[in-house]
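Letter by letter, the chains look like this.
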Amino acid sequence: IGVDITPEYIDDAQKTAKAESLNANFINADIRDVRFEHEFDVVLNLADGAIGYLETDEENLKIFDVISHALKSGGKHFMDICNAEHAEHYFPRLNWEAGEKALALAKFEWDGKTHRMLYGGCDIPYGIPAKKPDITTGDPTRLYSLTELNSILQQRKMNIIHTFSNYYGKKVSPKELQLLVYSKKQ
């Protein structure tokens, strides 16, 4: 079962599942409105999975409630989010990446009072004359430290089992923006 608020993402997931002959269902909904009780062995939140994107801290915490309610006892939760400790130490920062079709420019800023990352970016396509980019800042994203996540998860009867800084098992560090957390429901 996959859940996303963006209809285009649901359409793409359905097409991909069909092409791969996968038995999967997708729900176009706000994750806060989804109700499952002790139904899943695993819950994945990849590419943030909406964690930190909602209007207030209280609204963001509702996602953790949905996760906890959905998991069976012993169920596993994997999340991939941005690390607040990295933002505290290394933002503001400009970043660029040479992609296949364009040069991607990114601007990262940090509001330490609200623990929100301000991210802006633009692409400069190859093969056409470059124009001065306008790097606009998108919606702020609430980032969490490992200490905060531990407290949030424990309040929901979940324990952190392991953490990483990438999908290859790199040890967690404030030097890395990516934070992967594997937790288990009691």
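Residues numbered from 1 in each chain as written. Predicted model: local features only at pLDDT ≥ 70, side-chain atom pairs only at ≥ 80, totals over all residues. Heavy atoms only, no water.

Draft legend 1. Local environment of the overall build of the protein chain. Check the secondary structure of the protein chain and you find four helices and eleven strands. Structurally, the protein chain occupies a C-alpha span of about 55 × 40 × 30 Å along its principal axes. Every one of the 186 residues in the protein chain was classed for burial, and the buried ones make up 35%. Across the protein chain, the fraction of contacts at a sequence separation of at least 24, relative to all contacts at a separation of at least 6, is 58%. Computed over 22 positive and 28 negative side-chain charges, the separation of the two mean positions in the protein chain equals 4 Å. (Helix = DSSP H or I, 4+ residues; strand = E, 2+ residues; numbered from the N terminus. Buried < 20%, exposed > 50% of the residue type's maximum accessible area, 1.4 Å probe, protein only. Contact = heavy atoms within 4.5 Å. Lys, Arg positive; Asp, Glu negative; His and termini not counted. Charge placed at Lys NZ, Arg CZ, Asp CG, Glu CD.)

Draft legend 2. Quick peek at the pattern of salt bridges. Following the criterion strictly, the structure yields ten salt bridges and no others. Of the charged contacts in the structure, one is a salt bridge between E59 and R32, with a shortest N-O distance of 2.7 Å. Residue E59 is found in helix 2 (residues 57–70), and its partner R32 is found in the loop between strand 2 (26–28) and strand 3 (40–45); the two are separated by 27 residues along the sequence. Across this residue pair, the class does not change: E59 and R32 are buried. Between R116 and D57 there is a salt bridge, and its shortest N-O distance comes to 3.9 Å. In this pair, R116 sits in strand 7 (residues 116–125) while D57 sits in helix 2, placing the two residues 59 residues apart along the sequence. Relative accessible area serves as the criterion here: at 11%, R116 is assigned to the buried category. Residues participating in the shared-partner salt-bridge network are D30, R32, E55, E59 and K62. (Salt bridge = Lys/Arg side-chain N within 4 Å of Asp/Glu carboxyl O.)

Draft legend 3. Here's a closer look at the pairing of strand 4 (residues 71–82). Where strand 3 lies against strand 4, five bridges are found, and the strand directions are parallel. The partner of F40 across the bridge, within strand 4, is L71. After leaving strand 3, the chain enters helix 2 and then returns to the sheet as strand 4, a path that is right-handed. In terms of strand pairing, strand 4 meets strand 11 (residues 178–185) through seven bridges, oriented antiparallel. Looking at the pairing, F78 lines up with Y182 of strand 11. (Pairing = 2+ DSSP bridges. Right-handed = clockwise from strand over helix to strand, strands pointing away.)

Draft legend 4. Expanded view of the environment of L177. Along the chain, L177 falls in the loop between strand 10 (158–164) and strand 11. When the C-alpha positions of L177 and R93 are compared, they lie 12 Å apart, and in sequence the two are 84 residues distant. In contact with L177, other than residues within four places in its own chain, are I81, C82, N83, H86, F91, R93 and F108.

Draft legend 5. Expanded view of the packing of aromatic side chains. Under the criterion given, the structure shown has five aromatic pairs. Note on F78 and Y182: the rings are 4.8 Å apart at their centroids and 10° apart in plane angle, and the pair reads as stacked. Of this pair, F78 sits in strand 4 while Y182 is found in strand 11, placing the two residues 104 residues apart along the sequence. Here Y182 falls in the buried class, since its relative accessible area comes to 18%. When the ring centre of F108 is taken as reference, the NZ or CZ atom of R93 above it lies at 5.2 Å. (Phe/Tyr/Trp six-rings, centres within 6.5 Å; stacked < 30°, edge-to-face > 60°. Lys NZ or Arg CZ within 6 Å of the ring centre and 35° of its normal.)

Draft legend 6. Quick peek at helix 2. Over its 14 residues, helix 2 extends 21 Å from the first C-alpha to the last, a length consistent with the 20 Å expected when each residue adds 1.5 Å. Among the residues of helix 2, those classed as buried are E59, N60, I63, F64, V66, I67, S68 and A70. (Expected span 1.5 Å × (residues − 1).)

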